[in-house]
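Each chain is listed here by its residues.
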Amino acid sequence: MQDVKKHAQRRKLFARPFSKTAIRGSWEPVVKEKVQLAVSQIQNELETTGICDILKWSTFLATDVSGHLMFGESFNMLGVGQVYLPLSVYANATILTDNQKNEYIRILESAMKGSGIGSEIPLLRMIGPYIPLQSFREMFRTDEYLLKYSQRAVTNSRKNSESCRNIFSGLVYETERDRSVLSDMEVAIEAGNLIVAGSDTTAVTLTYLIWVVLSHPSLRLQIEEELISLGGDYDEADLESLPVLNATITETLRLYGAAPGSLPRTVPEGGVTLSGYYIPAGTTVSTQSYTIHRDPTLFPNPERFDPARWLPGDSEASEQARMALSPFGAGSRTCLGIHLSWMELRLGAAEFFRRCGNVRLAPSVSDKSMRPEHYFLIAPSAHKCEVMVGAPRKE
């Protein structure tokens, strides 16, 4: 949405349901339940096969959370796993089955690749839908497929059933009461956008978070010692007070934030002067956190994973560095789901390291296999992060 006034109005509508207070008050039990199920499934898979892919289960977790909050019904990825169907299934679909929901996830992944490629090569975004290859259709003609399922957000938002409640339910009620109604199409589009924004992003970050902690035994020990003090009924507010856990998450977001690429903006009428340079109206400018987060003037030894940057002490990050940290964007376009993402990362990491003390990285995992692959969002180049039962590796 490029219109500044329209964006501000829409942002205001979503500010309350996505606030930290609302997310904790309305949705924390749902998120925690799904986190606990994800860790149980990880444990079960380790017991039965001896090896488990953290990226897979993190993706299932983040997708189920997003589906529940945005649509009012879970994809049940954590329960049934991932099943792929041909895209032709969607051609005349009106009611989506569980298998079709799982196919929806694959389309989301293709949509993110297409979005990243299209932002860098606009010409390809224009001609991509007409290239007669399935991979191109999936990347550049996803809207028609995504919108079919997004209509479920509209239906469920107007139901009185608690089991179908979604993040739009109160929003639709409020806007109808004030006669500033979001159309059904707008609700569907927002639901589709939000699940795209909230699934792979959190899944990738949680995967890298678990990887870096398992790669640093002394850090893992510090986090486990922090978590020992918590009772079984801990909540996110308890986790927010744990300094090492939160410093580790912050440092993960610095080096492995899921969306480190360019965020293009168009200079408005009249142009603008930045740092002494005049930029004409209509010029596309962008920032990207990948470079900012690796600026040695802000982050000494920037490629080193060092959570101590975010703890009080000699190596504490400067105020400038804290201001430059922008894994969720900045300003009026900051990611709406920032509080939900932090909740999933805190609860996901806490539950994993409380219950999986005997887990270590599998031999298949290396710095090379975890090197980020960029399609606007990053992902491990191996597209997996396997763990197994056994003694931790030495640091």
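Residues numbered from 1 in each chain as written. Predicted model: local features only at pLDDT ≥ 70, side-chain atom pairs only at ≥ 80, totals over all residues. Heavy atoms only, no water.

A. View of the pattern of salt bridges. Considering all chains together, one arrives at 12 salt bridges under this definition. Put simply, K56 and E45 hold a salt bridge, and the shortest N to O gap is 2.9 Å. Here the residue K56 occupies a position in helix α3 (residues 54-71), and E45 occupies one in helix α2 (residues 20-49), the gap between them amounting to 11 residues. Residue K56 is classed as partly exposed on the basis of its relative accessible area of 28%. (Salt bridge = Lys/Arg side-chain N within 4 Å of Asp/Glu carboxyl O. Helix = DSSP H or I, 4+ residues; strand = E, 2+ residues; numbered from the N terminus. Buried < 20%, exposed > 50% of the residue type's maximum accessible area, 1.4 Å probe, protein only.)

B. Just empty space enclosed by the protein, in detail. Taken as a whole and assessed by the stated rule, the structure comprises two cavities of 30 Å³ or more. In this structure, the largest cavity spans a volume of roughly 90 Å³. In terms of lining, the largest cavity is formed by V35, A38, V39, I42, I54, W57, S58, L61, L206, I210, G348 and F352. Going through the elements one at a time, α2, α3, α11 (200-215) and α17 (338-355) are the ones with two or more residues in the lining of the largest cavity. Roughly 70 Å³ of internal volume is contained in the second largest cavity. R254, L255, Y256, G257 and P260 are the residues nearest the centre of the second largest cavity, which is lined by 15 residues in total. At the level of secondary structure, the elements contributing two or more residues to the lining of the second largest cavity comprise α14 (243-256), α15 (289-292) and β7 (372-375). Counting residues per element, the lining of the second largest cavity draws most heavily on α14, which supplies four residues. (1 Å grid on protein atoms, 1.4 Å probe; cavity = no way out; pocket = protein on both sides within 12 Å on 5 of 7 lines; lining within 4 Å. Points joined across faces, edges and corners; volume = space filled by probe spheres on them.)

C. Highlighting unusual backbone geometry. One non-glycine residue, S275, lies in positive phi territory at about 50°. By the secondary structure assignment, S275 is in the loop between β3 (272-274) and β4 (277-279).

D. α3, seen in detail. Look at α3: 25 Å from first C-alpha to last across 18 residues, which is about the 26 Å you get at 1.5 Å a residue. The buried count for α3 comes to 17 of 18 residues, which makes it a mostly enclosed element. Positive phi appears at G72, one or two residues downstream of α3, with a value of about 85°. (Expected span 1.5 Å × (residues − 1).)

E. Region of the structure containing the confidence of the model for the chain. Averaged over every residue, the pLDDT of the chain is 82; the share at 70 or more is 77%. The spread of mean pLDDT over the elements of the chain runs between helix α5 (residues 98-120), the lowest at 60, and α14, the highest at 98. Counted against residues more than four places away or in other chains, residues 82-101, with its pLDDT under 50, gives 40 contacts. (pLDDT = per-residue confidence, 0-100. Contact = heavy atoms within 4.5 Å.)

F. Molecular detail of the packing of aromatic side chains. The full count for this structure, using the stated rule, is six aromatic pairs. Ring plane angle 75° and centroid distance 5.7 Å describe the contact between W211 and Y256, whose orientation is recorded as edge-to-face. Taken as a pair, W211 in helix α11 and Y256 in helix α14 lie far apart in primary sequence, 45 residues in all. For the pair W211 and Y256, a shared accessibility class is recorded, and that class is buried. (Phe/Tyr/Trp six-rings, centres within 6.5 Å; stacked < 30°, edge-to-face > 60°.)

G. Fine view of the nonpolar core. The biggest cluster of nonpolar side chains holds 72 residues, and the ones touching the most others in it are M70, W211, L239 and F352. Ignoring anything within four residues of it in the chain, the contact list for W211 reads Y256, L361, V365, D367, M370 and C385. F299, A317, A321 and A324 belong to the second largest nonpolar core, which has seven residues in total. (Core = buried A, V, L, I, M, F, W, Y, C linked by side-chain atoms within 4.5 Å.)

H. Region of interest: the side chain of R309. Mapped onto the fold, R309 is located in the loop between α15 and α16 (319-324). The buried category is assigned to R309, whose relative accessible area is 4%. Side chain to side chain, R309 and E251 meet in a polar contact 2.9 Å long. Ignoring anything within four residues of it in the chain, the contact list for R309 reads E251, R254, F299, P300, N301, P302, R304, S315, E316, A317 and R322. (Polar contact = N/O pair within 3.5 Å; in protein donor to acceptor, adjacent residues only side chain to side chain.)

I. Highlighting helix α1 (residues 4-15). Here α1 is 12 residues long and its end C-alpha atoms lie 16 Å apart, about the 16 Å a rise of 1.5 Å per residue gives. Of all the positions in α1, only H7, R10 and F14 are classed as buried. Seen from one end, α1 has its buried residues packed into an arc of 70°, which puts them on one side. Away from its buried face by more than 90 degrees, α1 exposes V4, K5, Q9 and K12. (Arc of directions from axis to C-beta.)

J. The arrangement of a nonpolar patch on the surface in detail. Together, I121, L123, M126 and I127 give the surface a local cluster of nonpolar side chains, amounting to about 410 Å² of exposed area. Inspection of the secondary structure assignment puts M126 in helix α6 (residues 122-127). The class for M126 is exposed, based on a relative accessible area of 57%. (Patch = residues over 30% accessible without salt bridge, like charges linked within 9 Å, V, L, I, M, F, W, Y side chains within 5 Å. Areas by Shrake-Rupley, 256 points an atom, 1.4 Å probe, with all protein chains shown as cover.)

K. Representation of the sheet that holds strand β6 (residues 359-361) in the model. Across the sheet, which stays open at both edges, the three strands sit in the order β1-β9-β6 with antiparallel pairing between neighbours. Both outer strands of the open sheet, β1 (51-53) and β6, are each paired with one neighbouring strand and no more. On average, each strand axis in the sheet is inclined to that of its neighbour by 35°, with strand direction left out of account. Bridging between β1 and strand β9 (residues 386-389) involves three bridges; their strand directions are antiparallel. Looking at β9, one finds that I51 is bridged to M388. Across the sheet, α3 lies against β1 and β9, angled at about 50° from β1, the strand it touches most. (Pairing = 2+ DSSP bridges. Axes fitted to C-alpha atoms, helices over the stretch in contact; angles between N-to-C directions.)

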